[in-house]
Protein chains: 2
Amino acid sequence: MAIQLLREIDEQPGALARLLAMRRHDVREVAARIRAFDPAWVVIAARGTSDNAARYAQYVFGAFNRLSVALAVPSLFTLYNAPPQLGRALTIGISQSGQSPDVVAVIEEARRQGGVTLAITNDATSPLAAAAEHNLLLASGTEHAVAATKTYTNQLLLLAMLSVELAGDERRGAELELVPQAVEAALGACDGIAEVAMHYMNAGRFLVLGRGFNYCTAFEIALKMKETSYVLAEPYSPADLLHGPVAMLDYGFPVVLVATAGHASDDVGALQAVLDGRGARTIAFSDRDDVLARATSGIRLSPGVPEWLSPIVTVVPGQMWARALAMAKGLDSDRPRGLQKVTLTR
Amino acid sequence: MAIQLLREIDEQPGALARLLAMRRHDVREVAARIRAFDPAWVVIAARGTSDNAARYAQYVFGAFNRLSVALAVPSLFTLYNAPPQLGRALTIGISQSGQSPDVVAVIEEARRQGGVTLAITNDATSPLAAAAEHNLLLASGTEHAVAATKTYTNQLLLLAMLSVELAGDERRGAELELVPQAVEAALGACDGIAEVAMHYMNAGRFLVLGRGFNYCTAFEIALKMKETSYVLAEPYSPADLLHGPVAMLDYGFPVVLVATAGHASDDVGALQAVLDGRGARTIAFSDRDDVLARATSGIRLSPGVPEWLSPIVTVVPGQMWARALAMAKGLDSDRPRGLQKVTLTR
């Protein structure tokens, strides 16, 4: 069961290494074109898993390229026929298949207005690739499982590579090379995850918490859980949680916590105290001993991954966790009910 | 029980009418300053309920002012000390209390960079009001209940007024006057809501669906449900739902559906067919007979509210629904566990 999904999860170190080897030149060329255009801000159109890659871009382009990133509002283009002005923006469409008409509509309009446009897809022959002025291909190999895994981590790495080239930052460029091996190590750390999942086989609702660069990781793990295990898993930054939803935490409420070393986890101790005070059960993905010691269960990640690249690594135990939870519930995560690989929305 | 919350829900028509009467001049003056600055895009910093008002701004500024709206990433300012460039943007901070340090930090940085800044708060003496160059006050009167209601609808109306003045649009300006009475009518339509809520007293998880202008309404109703009833209620646009989370819908799954007449509900029939196919139970807030006929239960709203203003109206039965659900569960929605009125996050 879930053979396809597991195979593609396992392919990630290879796919990431291939992307680094094959796309550096393309990324450099596109970055030069974008720098020459000098965009005032960035707009990203994406859906589902790709939208979580866009959330990563908000942090990496913000922190290192000083670019403000807006997530596009596709219905302004498709329902209301009232697109905003994009002539001074860099507009990026992210889609594994490159098929979604709403994402294509945003890119077409941005290009019509004279903005600079970039498609990030896994299919060079897709409508999205045709619509954009510039293209960067994911080099993930065909993805068969409905739940996206290796295309997501390659989307993140490609955005990280683009940030490096836009900034001309050699130090961060060297750090990119650490990623494939760190993902390999994360896969190796997941041996006990099936046993952990057995404790939650009857749970129907979860919170997934992540902050800073790993805000996207919380969204992506929650999405994998919903797709494969049919649970209601809601992603939150700890800050937003405290502005209301913390009220729903009660005894035994399961909380997935992503907290690797870095600025975003400086005050994770205070968060864990709140969770403990409510009697929540915590499943932690972390490289910090104190976080793991305080959690109900956890997956220990290898230390040393730079915070800005950690989302490419921390999502991996989350993918394994979602699959393990599905198996614990007796579900086939290769065939989520009601989903197709390509979804066409307007 | 829930006397305070109910009182403030009921105060909304009066608070909206007061805002229209008292703030038109201020809004016009601020709009003139913003037009003179000619921002390239808009950034909004907000948390919780105010963040849902920011989601409304994405549609109203996008559709009528051709402005792309980015939701700020506060941790770039507070955790990473790496703020993006905001010198050509309009940056707006929205906060009922005006206290949240992360929202204040975004406004301070934007002002330091020479951008145009605006605070929308209910407290003229707050740090947020002091930080921004321009201020627009909500005129909601003091809000005592922890769950925000009348400050939210006034935030929406103030953003709508600002959009009208930025565009110099007299037709839409006249439509604003319809809002207080439409909200009054919506309150009158909620008589049967306690009975509906009794059917869901044991439900722990919900989806809340809204699209286009009412995407923010789905978020805000879900937040009210989490704050007052401790249920896991996740907001979705129907388009995002079909990209994955639809898998979790099973027989009897409760879905709150916001669908008033307009472009965003053109294909709501197809969505209801999907929901029916999964055996979901639907609670609809709508002014459309066909939507209500197909739903398990519903609240009938008066027709004739322009789509762009409908979020100020459709959230009201959602507030009443959240309160009714809390009462059905035997909870005191005036005192949500673990929440304070003012939350300070960094």
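Scroll up a little and you will see the structure.
Residues numbered from 1 in each chain as written. Chains lettered and ligands numbered in written order. Predicted model: local features only at pLDDT ≥ 70, side-chain atom pairs only at ≥ 80, totals over all residues. Heavy atoms only, no water.

It is worth spelling out the overall build of chain A at this point. Helix and strand counts for chain A stand at 15 helices and 10 strands. Expressed as lengths along the three principal axes of its C-alpha atoms, the size of chain A is roughly 55 × 45 × 40 Å. Of all 346 residues assigned to chain A, the portion counted as buried reaches 68%. Within chain A, counting contacts between residues at least 6 apart in sequence, those at least 24 apart form 76% of the total. Averaging the positions of the 31 positive and the 35 negative side-chain charges in chain A gives two centres separated by 4 Å. (Helix = DSSP H or I, 4+ residues; strand = E, 2+ residues; numbered from the N terminus. Buried < 20%, exposed > 50% of the residue type's maximum accessible area, 1.4 Å probe, protein only. Contact = heavy atoms within 4.5 Å. Lys, Arg positive; Asp, Glu negative; His and termini not counted. Charge placed at Lys NZ, Arg CZ, Asp CG, Glu CD.)

This part takes up the nonpolar core. By size, the foremost hydrophobic cluster in this structure holds 217 residues, and its most contacted members are Met225(A), Trp321(A), Met225(B) and Trp321(B). Those residues in contact with Trp321(A) that sit more than four places away from it in its chain are Ile193(A), Val196(A), Ala197(A), Tyr200(A), Phe206(A), Ile221(A), Met225(A), Val256(A), Ile283(A) and Phe285(A). The next biggest cluster of nonpolar side chains, apart from the first, holds 48 residues, and it includes Phe253(A), Val291(A), Val246(B) and Ala280(B). (Core = buried A, V, L, I, M, F, W, Y, C linked by side-chain atoms within 4.5 Å.)

Residue and element names in this part refer to chain B. One can describe the packing of helix α11 (residues 215-229) onto helix α15 (residues 310-328) by two numbers: an axis separation of 9 Å at closest approach and a directional angle of 20°. As far as their axial angle goes, α15 and α11 are roughly parallel. The way α11 lies across α15 gives a crossing that is right-handed. Two secondary-structure elements touch here, α11 through Cys216, Thr217, Glu220, Ile221, Lys224, Met225, Thr228 and Ser229 and α15 through Pro311, Thr314, Val315, Gly318, Trp321, Ala322, Arg323, Leu325 and Ala326. Here the contact of α11 with α15 is composed, by residue class, of nine nonpolar, five polar and three charged. (Axes fitted to C-alpha atoms, helices over the stretch in contact; angles between N-to-C directions. Parallel < 35°, antiparallel > 145°, perpendicular 65-115°, else oblique. Left-handed = near helix turned anticlockwise from the far one by under 90°. Nonpolar A, V, L, I, M, F, W, Y, C, P; charged D, E, K, R; others polar.)

On to helix α11 (residues 215-229) of chain A, then. Residues and elements named next belong to chain A. The end-to-end C-alpha distance of α11 is 21 Å, a good match for the 21 Å that 15 residues give at a rise of 1.5 Å each. When you tally the buried positions in α11, you get 15 out of 15 residues, the bulk of the element. At the exit of α11 stands tyrosine 230, carrying a positive phi of roughly 60°. (Expected span 1.5 Å × (residues − 1).)

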